[in-house]
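In case you want the letters, here they are:
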Amino acid sequence: SEGERPAVGHHEGRTLELSGLSRQINRASFVSQRGDVIREGTEAVVYQRRDLDVVIKAFRDDEIPGTDQTVLERAVGGYRVSGERLQGLIPSFVFVEDFTIRVDFRPRMIRAGVIQERVKPLEEELARLVRGRDVEALIALIEQKAEVDKETLRRGVFIQDPGFHNYGVTADGRVVL
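Predicted, not measured: the structure shown is a model, and the values here were computed from it.

What follows covers the sheet that holds strand β11 (residues 175-176). Strands sit in the order β9-β10-β11 across an open sheet of three strands; the sheet is antiparallel. Looking at the sheet topology across the chains shown, the edges are occupied by β9 (120-121) and β11. Sheet topology places β9 next to strand β10 (residues 168-169); two bridges connect them, and they run antiparallel. Bridging from a neighbouring strand, proline 121 pairs with glycine 168 of β10.

Below, the structure is given as structure tokens:
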């Protein structure tokens, strides 16, 4: 509505404005299992439409065996730390709570999650460059990933699984965690 301040996520001068993405988010609120991508991960269910440049991650609320913490609590904590310490090294995102999307016309409540800038998986980009024999671009992406790793350590964050599968490439070509 007019006069309402939009929710934003800031990352090194880049802003993800929900008001500016309202059409995308409204379209993202409907996902079809037939034509869209729904991935079930250990931390979240990821809803992605091919025609949008954002993804919705719904955090799971399962208990973590051997701890008194839930996956949701760990994920929210991790995103908070990332948002505070890793600006510019991660995709832009905003937290959402009690957010409803429709999957094949059925409402699905997201207790807590994020709407995040969509990135191409780094692994897939590297494979594409190998197939195309673009050695210079391949080296450039690997060097960018190494710089992201070094910068996370400089900022006091240790990435437990620094494999290529945990990184992405933004629309403007930056490697992000």
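This next bit is on unusual backbone geometry. Unusually for a residue other than glycine, aspartate 98 sits at a positive phi of about 45°. Counting through the fold element by element, aspartate 98 comes out in strand β7 (residues 93-103). A positive phi angle, near 55°, is found at arginine 133, a position not held by glycine. Following the sequence through the fold, arginine 133 ends up in the loop between α3 (122-131) and α4 (135-154).

Turning next to the pattern of salt bridges. Applying the stated criterion across every chain yields a total of eight salt bridges. Residue arginine 155 pairs with glutamate 151 through a salt bridge whose shortest N-O separation is 2.9 Å.

Helix length check: helix α2 (residues 71-85) (15 residues) gives 21 Å between terminal C-alpha atoms against 21 Å at 1.5 Å per residue, within 8%. Those residues of α2 lying buried are Val71, Leu72, Ala75, Val76, Tyr79, Ser82 and Gly83. Viewed end-on, α2 has its buried residues packed into an arc of 125°, placing them on one side of the element.

Two strands pair when backbone bridges link them, and strand β6 (residues 54-59) and strand β8 (residues 106-117) are joined in this way by five bridges, in the antiparallel orientation. Its bridge partner being in β8, valine 54 is matched across the sheet by glutamate 117. With 10 bridges connecting them, β7 and β8 associate as antiparallel partners. Paired with phenylalanine 95 across the bridge in β8 is valine 114. In this antiparallel pair of consecutive strands, β7 and β8, the connection spans two residues, and aspartate 104 shows a positive phi of 50°.

Procedures and definitions
- Residues numbered from 1 in each chain as written.
- Predicted model: local features only at pLDDT ≥ 70, side-chain atom pairs only at ≥ 80, totals over all residues.
- Heavy atoms only, no water.
- Pairing = 2+ DSSP bridges.
- Helix = DSSP H or I, 4+ residues; strand = E, 2+ residues; numbered from the N terminus.
- Salt bridge = Lys/Arg side-chain N within 4 Å of Asp/Glu carboxyl O.
- Expected span 1.5 Å × (residues − 1).
- Buried < 20%, exposed > 50% of the residue type's maximum accessible area, 1.4 Å probe, protein only.
- Arc of directions from axis to C-beta.

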